[in-house]
Amino acid sequence: MKFFPLILTAVVVIAFQPSQAQESSVRRVLLGSAYASHEGYRLLQRVCDEAGGRLAGSEANDRALGILEDELARYRIGFRRESFSMPGWVRGDDAVEVVSPFPRKLRAAALGYVHHHPPFESRLVWGGTGTEKELTGAADAIVLVDSESPRDGEPPLRYEVIDNAARAGAKGVLFVNDKPGGLVLTGVGNFQGNPCPVPAYSITLEEGKWLRRLQIAGKEVRIRLTTNSRCMPVQSANLVASFPGKRQARIVVGAHVDSWDISQGAVDNGIGSAVLFEIARLLSLHADVNHFAIDVVWFNAEELGLWGAKAYLTRHAADSIVALINMDMPGRPTGINVMGFDEFIPLVRGVMDSLKGFDWSQGIVSVPWSNSDHQPFLVQGIPCFTMAGHLEKESVFHYHDFGDTFDKADHRALVDAAAALSVLTYTLANNTSVEYRIRSVAERRAMFQGTGFEKRLKRQKEWPY
Ligand SMILES: [Zn+2]
């Protein structure tokens, strides 16, 4: 009984030896080429400076796709646009103005899917964190909501506050940002693409605190809202570069190319788009056909509600997708998240062990998370992977605001991420040791039960089970 496993092990080792040698030489090509290049960083600069803020459906977004196509063509990498229609949103010339005690225009940004309305003026009332209970006196008023105010339990999410405000008969919501420095926080008003029932704006911490002080001092504050932003159907497109495999089934490696309009979207997610470009370029350098096919996908319209990732899944519903690697704001690699697909832990550990020069201080993580392009893949039970990474504080400080510009991107972190993620992509695309298996609905439910993923999706009205 004892010798049988030994023989089996010997057979397995002999059978895998040549391909392992081949694999490690490909890894060396990927790593060497990643560190000898600054192509990803150069592409990031072009996307930031020549396209700008890339809201889905906008001209800037189209320019960014054009730049990517141009750069892919330079490296003779084939690509295609896969277009889709979606509920779009266009920012207009909006205004949030204090009318009394004296006129002042506030720095404010409408949330996505806030829809045009005739200008109106109303009194401003304090709405606490925006729970139903806190909004009982909000009828006909504009409410000032602050996620920092004293609370019992978790404060409601912004989309929940908007619903609570509409139900309470309020006419608008001003969300006070929680970061100092005159920053606003753009974001989407709901995940379904519906016009928000009441206009909702992000305002700065400093002006929010000022309005609150006026209220506490007993001054009546009146606000005038002018919203010219509007919801409208738009056409968008994912950009796809396909690499053939010995098998039809494919690994998808993706990053969202869109961003909010008021910044250059450098960190969110120009970096991810640039790392993805490097992965495509590095994969194209080795001539061998991978075991699985690989689709490199620049997902569009992530910020407005993961529309591109969902469109990709719809279009490729009949294709076999065996795994997804998603990169959203990748920093310097510090770990890999297997999102609950723990059978991949040995494979991922092998990747990390082969890259000993990296600081893998976070190690292997197994936590499904939401609100990026892997979410709809996870919901379908497809194994998903993301990288845990370190971003400098100044890189993320301007998240979703004006200051997310090219100068915040860390060149070295980008190269490190491209090196590590190209090796992970290659390894997953040539893995024959762990079986790729789509989880059944019952398994998914059990897998997500009690996690932050389940809780968040339920609150966002996106829990499908
Ligand atoms: Zn993002």
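Note that the structure is predicted; figures quoted are calculated from it, not measured. (Residues numbered from 1 in each chain as written. Predicted model: local features only at pLDDT ≥ 70, side-chain atom pairs only at ≥ 80, totals over all residues. Heavy atoms only, no water.)

## Topic: the domain arrangement of the protein chain
- Per the domain assignment, the segments of the protein chain are domain 1 (23-89 + 234-459) and domain 2 (92-228).
- On a C-alpha basis, the centroid separation for the pair domain 1 and domain 2 is 34 Å.
- In this complex, domain 1 contributes 22 residues to the contact, which on the side of domain 2 involves 25 residues.
- Ranking the residues of domain 1 by area buried against domain 2 places W89, F397 and R459 at the top, with a combined share of 37%.
- The interface formed by domain 1 and domain 2 contains four salt bridges.
- Residue K455 is joined to E154 by a salt bridge in which the shortest nitrogen-to-oxygen separation is 3.1 Å.
- Elements represented by at least two residues in the side of domain 1 that touches domain 2 include exactly β1 (80-90), α7 (307-315) and α13 (452-459).
- Residues of the side of domain 1 that touches domain 2, tallied by class, amount to eleven nonpolar, five polar and six charged. (Domains from an automatic or database assignment. Contact = heavy atoms within 4.5 Å. Buried area = accessible area lost by both parts, 1.4 Å probe. Salt bridge = Lys/Arg side-chain N within 4 Å of Asp/Glu carboxyl O. Helix = DSSP H or I, 4+ residues; strand = E, 2+ residues; numbered from the N terminus. Nonpolar A, V, L, I, M, F, W, Y, C, P; charged D, E, K, R; others polar.)

## Here we look at helix α5 (residues 205-216)
- The end-to-end C-alpha separation of α5 is 16 Å, in line with the 16 Å expected for twelve residues at 1.5 Å each.
- Among the residues of α5, those classed as buried are L205, E207, G208, W210, L211, L214 and Q215.
- At the exit of α5 stands G218, carrying a positive phi of roughly 85°. (Expected span 1.5 Å × (residues − 1). Buried < 20%, exposed > 50% of the residue type's maximum accessible area, 1.4 Å probe, protein only.)

## Considering the packing of aromatic side chains
- Evaluated as defined, the whole model comprises 15 aromatic pairs.
- An angle of 70° between the planes, with centres 6.1 Å apart, marks the rings of Y75 and F277 as edge-to-face. Here Y75 is found in the loop between α3 (59-74) and β1, whereas its partner F277 is found in helix α6 (residues 266-285), with 202 residues between them in sequence.
- Classification of F277 by relative accessible area gives buried; the value is 0%.
- Measuring from ring centre to ring centre gives 5.2 Å for F344 and Y436, while their planes differ by 40°; the resulting arrangement is tilted. Of this pair, F344 sits in the loop between β14 (332-337) and α8 (345-353) while Y436 sits in the loop between α11 (411-429) and α12 (441-448); the two residues are 92 residues apart in sequence, bridging distant segments of the chain. Here F344 and Y436 have matching classes, each one buried. (Phe/Tyr/Trp six-rings, centres within 6.5 Å; stacked < 30°, edge-to-face > 60°.)

## Observations regarding the pattern of salt bridges
- On inspection of all chains with the given rule, the structure shows 32 salt bridges.
- A salt bridge links R42 to E71, with the shortest nitrogen-to-oxygen separation between them at 2.7 Å. With R42 in helix α2 (residues 39-51) and E71 in helix α3, the pair connects residues that are 29 residues apart, well separated along the chain.
- Salt-bridge contacts for E343 lead to R439; the nearest nitrogen and oxygen are separated by 3.2 Å. Taken together, the positions of E343 in the loop between β14 and α8 and R439 in the loop between α11 and α12 put the pair 96 residues apart, joining distant regions of the chain.
- Judged by its relative accessible area of 28%, E343 is partly exposed.
- By relative accessible area, R439 is classed as buried at 11%.
- Among the charged side chains, a salt-bridge network with shared partners connects E39, R42, R46, E50, D70, E71 and R74.

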